[in-house]
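For reference, the chains in residue letters:
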Amino acid sequence: MKKLLIFLAIMVAFIGGFIAYLYQREEGGVPVLVYHQVNDIDQNELTLTVEQFDAQIKYLVDEGYTIITPTELLDAWEGKGTLPKNPMVITFDDGHLEFYKNVYPILQKYNVKATVFVATDFISLYPNYITWDQVKEMQNSGLIDFESHTLNYKILTKIKSRDKIWDQLYSSKQALEWYLKKPVSYVVYPGGQYDADVRDLSQEAGYRAVFTDDYALTHSLPQHYLLARIPVYGSNDHTFFRFKLRLKGAPLFAPLQRYKEKLISDGNGEVASLIWIP
């Protein structure tokens, strides 16, 4: 019995030390959240209800997070400013009409900034997508910044022509800059897919940084061109609890997520299914 207790104590100390190491390793990391949809109709993992989203933003404000823009983040990293206490960046991918109807009023309510990555070909084209007038209104509010999600969501790594990849990156940037009369410095790749050519063309097009779908805190590294984000999921009975776990537990769960993805890619899906990620 005594040996068992000693063994358990050693295991607890080891696990505790390892978790402490993971959190220490991520010290200075900034959470960048990514949302997709907020409505009371769709039920999928990318959709939160309006009530859930309101509760999450209220929580962030009450917890003392200071919501900053990507530019404020990179400026601080490059010595052109300082980060506030508890900095955070909030991003949205896509640009559906529901952002204007459901999300924008909540951000106004709490005076919270957000960056929206839009596919410029779809603006004012489809009834479920925002219009250029709405984009301009929100950009002029000082709370919302619009950046590029390319022209039309085509997976860039599947485009064989380098010129067409360039068009997706550069033309969307030009469209936003022409309509909004401001620099467009950031892009999100459709499907999160990229390779060396896509990354190099993004830099040539004049993007300052790229935001990815990798689950992790983001850091100022010698090459902080690819910035990680924390995806926020919905359609879960414990969405708010799950949200807090993904946010506070990112240093622990992000390495597990990467290991789980490797297991799946190696054909070990059954083993991967045993790893729980909130």
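Computed from a prediction, not measured in an experiment: that's the story for all the values here.

## Looking at the overall build of the protein
Here is step 1: Along its length, the protein carries 10 helices and 10 strands.
Here is step 2: The long-range share in the protein, meaning contacts at least 24 apart out of those at least 6 apart in sequence, stands at 64%.
Here is step 3: A total accessible area of about 14500 Å² is found for the protein, and carbon and sulfur atoms account for 55% of it.

## Quick notes on the nonpolar core
Here is step 1: Among the nonpolar cores identified, the biggest contains 64 residues, and Leu60, Ile90, Ile144 and Phe146 are the most heavily contacted of them.
Here is step 2: Residue contributions to this core peak at 6 residues, all from helix 4 (residues 97-110).
Here is step 3: Leave out the neighbours within four places in its chain, and isoleucine 90 touches Leu33, Tyr35, Ile57, Leu60, Ile67, Val112, Lys113, Ala114 and Thr115.
Here is step 4: Val30, Ile68, Leu74 and Val188 belong to the second largest nonpolar core, which has 13 residues in total.

## Brief notes about unusual backbone geometry
Here is step 1: Positive phi, normally seen in glycine, also occurs at asparagine 111, with a value near 55°.
Here is step 2: Tracing the sequence through the fold places asparagine 111 in the loop between helix 4 and strand 6 (114-118).
Here is step 3: Despite not being glycine, serine 124 shows a phi value in the positive range, around 65°.
Here is step 4: Tracing the sequence through the fold places serine 124 in the loop between strand 6 and helix 5 (132-140).
Here is step 5: Serine 124 gets classed as partly exposed once you look at its relative accessible area, which sits at 43%.

## Digging into helix 3 (residues 70-77)
Here is step 1: When helix 3 is considered as a whole, its buried residues turn out to be Pro70, Leu73, Leu74, Ala76 and Trp77. Down the axis of helix 3, the buried set is contained in an arc of 160°. They therefore lie on one face.
Here is step 2: The inward-facing, buried residues of helix 3 contact strand 5 (87-93), strand 6, strand 8 (186-188), strand 9 (209-215) and strand 10 (226-231).

## What about the layout of surface pockets?
Here is step 1: Here the largest pocket defines a volume of roughly 590 Å³.
Here is step 2: Taken together, 27 residues form the lining of the largest pocket, with Gly191, Asp213, Asp214, Pro231 and Tyr233 sitting closest to its centre.
Here is step 3: Mapped by element, the contributors of at least two residues to the lining of the largest pocket are strand 9, helix 8 (239-248) and helix 9 (250-265).
Here is step 4: It is strand 9 that provides the largest number of residues to the lining of the largest pocket, a total of 4 residues.
Here is step 5: A breakdown of the residues in the lining of the largest pocket according to their chemical character gives 11 nonpolar, 7 polar and 9 charged.

## Focus on the packing of aromatic side chains
Here is step 1: Scanning the entire structure with this criterion turns up 18 aromatic pairs.
Here is step 2: Between the aromatic rings of tyrosine 186 and phenylalanine 211, the centroid separation amounts to 6.1 Å while the plane-to-plane angle is 65°, which identifies the pairing as edge-to-face. With tyrosine 186 in strand 8 and phenylalanine 211 in strand 9, this pair connects stretches of sequence that are 25 residues apart.
Here is step 3: Between phenylalanine 253 and tryptophan 276, the aromatic rings sit 6.1 Å apart at their centres with planes inclined by 85°, giving edge-to-face as the arrangement. Of this pair, phenylalanine 253 sits in helix 9 while tryptophan 276 sits in the segment after helix 10 (269-272), placing them 23 residues apart in sequence.
Here is step 4: Phenylalanine 253 gets classed as buried once you look at its relative accessible area, which sits at 10%.
Here is step 5: For tryptophan 276, a relative accessible area of 54% translates into the label exposed.
Here is step 6: Among the aromatic residues, those joined into a cluster by ring pairs are Tyr35, Phe53, Phe92 and Phe99.

## Looking at the packing of helix 4 against helix 5
Here is step 1: Remark: helix 4 packs on helix 5, axes separated minimally by 10 Å, with the N-to-C direction vectors making an angle of 35°. The chirality of how helix 4 crosses helix 5 is left-handed. Of helix 5, the residues touching helix 4 (which contributes Leu97, Phe99, Tyr100 and Tyr104) are Gln134, Glu137 and Met138.

## Quick look at the packing of helix 8 against helix 9
Here is step 1: As a packed pair, helix 8 and helix 9 sit with axes 6 Å apart at the nearest point and diverge in direction by 90°. Here helix 8 lies roughly perpendicular to helix 9, going by the angle between them. Of the residues in helix 9, those touching helix 8 at Leu245, Arg246, Leu247 and Lys248 are Ala250, Pro251 and Phe253.
Here is step 2: Tallied by class, residues from the contact of helix 8 with helix 9 come to 5 nonpolar, no polar and 2 charged.

Rules used in this analysis
- Residues numbered from 1 in each chain as written.
- Predicted model: local features only at pLDDT ≥ 70, side-chain atom pairs only at ≥ 80, totals over all residues.
- Heavy atoms only, no water.
- Helix = DSSP H or I, 4+ residues; strand = E, 2+ residues; numbered from the N terminus.
- Contact = heavy atoms within 4.5 Å.
- Areas by Shrake-Rupley, 256 points an atom, 1.4 Å probe, with all protein chains shown as cover.
- Core = buried A, V, L, I, M, F, W, Y, C linked by side-chain atoms within 4.5 Å.
- Buried < 20%, exposed > 50% of the residue type's maximum accessible area, 1.4 Å probe, protein only.
- Arc of directions from axis to C-beta.
- 1 Å grid on protein atoms, 1.4 Å probe; cavity = no way out; pocket = protein on both sides within 12 Å on 5 of 7 lines; lining within 4 Å.
- Points joined across faces, edges and corners; volume = space filled by probe spheres on them.
- Nonpolar A, V, L, I, M, F, W, Y, C, P; charged D, E, K, R; others polar.
- Phe/Tyr/Trp six-rings, centres within 6.5 Å; stacked < 30°, edge-to-face > 60°.
- Axes fitted to C-alpha atoms, helices over the stretch in contact; angles between N-to-C directions.
- Left-handed = near helix turned anticlockwise from the far one by under 90°.
- Parallel < 35°, antiparallel > 145°, perpendicular 65-115°, else oblique.

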